[in-house]
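Descriptive structure summary
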Amino acid sequence: MPKQSREERLATAFVELADTLVGDFDIIAFLHTLADHCVDLLDVTAAGVMLATPQGDILDAAASDDRTRQLETDSIDWNEGPCLDCFHTGKPISGIPLVHPHARTHWPRFAHRAQELGFTSVAAAPLRLREQTIGALNLFRADPDPLEPAQLRLGQALADIATIGILQQRAVHEQAIVSGQLQAALDSRIVIEQAKGALAHIRGISVDDAFHQLRHYARHHRRRLTDVAREVMDGSTEVPLPAPEQ
């Protein structure tokens, strides 16, 4: 099979990063795909991705190799590094040499450790859609020259399409949860109404009285009302008549 051109690989990257509406979507595998595409398409040595949880915690979600993953983990432990700054500001960080005073002043432990691992410069792009930032992409180079602006713009474009894909998948998932809850509520209401009607007919009482008996039985036995109603309908539970008032 002939090797794909860079244009073909770029098209493949955007298609894969946009394709999140699948039943077995795995966000960690997805972010590893983002990191791998960055290394393939950009003039970088390694890439890492940090992601914020809905609770606000920052995770080292993916990396193109193990040394980068460990560096990302250390960055979170130290609470310093370009990826964290990028996430908190929502703004990209252009390629900065790790010997630059800014890197040494703002990220002393990160810069030192990154150099020990063979990196010479770093850039970062936020995973951002309008005002919402959900993570950041770190781009590392081992060559002396920093990442060119055009390369950073492409890295930002890859981060943007990944962000859209993640948020789209989240929205669909949340909507599915809401829809499922609404459907479950509707199903429960139907079963309860059926049980009320059946009990009222059998005992010759009002529907309100039948509902009261169902609720009393469920509460007394610490059962879900829907479960009791369903068992009344299939005959596996018989709600006793209320005790006569004294």
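This section reports on the structure supplied with the text. Keep in mind that this is a model prediction, so the values were computed, not measured.

All chains considered together, the criterion is met by eleven salt bridges. Here E116 ties to R113 by a salt bridge, and the two come within 3.0 Å at their closest N and O atoms. Of this pair, E116 and R113 both sit in helix 6 (residues 108-116), separated by three residues, roughly a single helical turn. Accessibility expressed as a relative area gives 48% for E116, which makes it partly exposed. A salt bridge links D143 to R141; its shortest N-O distance comes to 3.7 Å. You can call R141 buried: its relative accessible area is 7%. One salt-bridge network, in which partners are shared between bridges, spans D43, R141 and D143.

Under the definition given, this model contains three aromatic pairs. With 6.3 Å between their ring centres and 80 degrees between their planes, W107 and F110 make a pair best called edge-to-face. Taken as a pair, W107 and F110 share a single burial class, namely buried. Feature note: the residues W107, F110, F119 and F140 constitute an aromatic cluster, connected by ring pairs. Over the aromatic face of F211 sits the side chain of K196, whose NZ or CZ is 4.8 Å from the ring centroid.

Turning next to helix 9 (residues 225-234). Those residues of helix 9 lying buried are T226, V228, A229 and V232. Angular distribution of buried residues about the axis of helix 9 spans 165 degrees; they occupy a single face of the element. Of the residues one or two after helix 9, G235 is the one with positive phi, at around 85 degrees.

Moving on to the pairing of strand 5 (residues 132-141). Taking burial as the measure, the ten residues of strand 5 include eight buried ones, the bulk of the element. Two elements, strand 1 (residues 46-52) and strand 5, share six bridges in a ladder whose sense is antiparallel. Across the sheet, V49 pairs through a bridge with L137, a residue of strand 5. Between strand 4 (residues 121-129) and strand 5, which pair antiparallel and follow one another directly, the connecting turn spans two residues, one of which, R130, has a positive phi of 55 degrees.

Cut-offs used in this document
Residues numbered from 1 in each chain as written. Predicted model: local features only at pLDDT ≥ 70, side-chain atom pairs only at ≥ 80, totals over all residues. Heavy atoms only, no water. Salt bridge = Lys/Arg side-chain N within 4 Å of Asp/Glu carboxyl O. Helix = DSSP H or I, 4+ residues; strand = E, 2+ residues; numbered from the N terminus. Buried < 20%, exposed > 50% of the residue type's maximum accessible area, 1.4 Å probe, protein only. Phe/Tyr/Trp six-rings, centres within 6.5 Å; stacked < 30°, edge-to-face > 60°. Lys NZ or Arg CZ within 6 Å of the ring centre and 35° of its normal. Arc of directions from axis to C-beta. Pairing = 2+ DSSP bridges.

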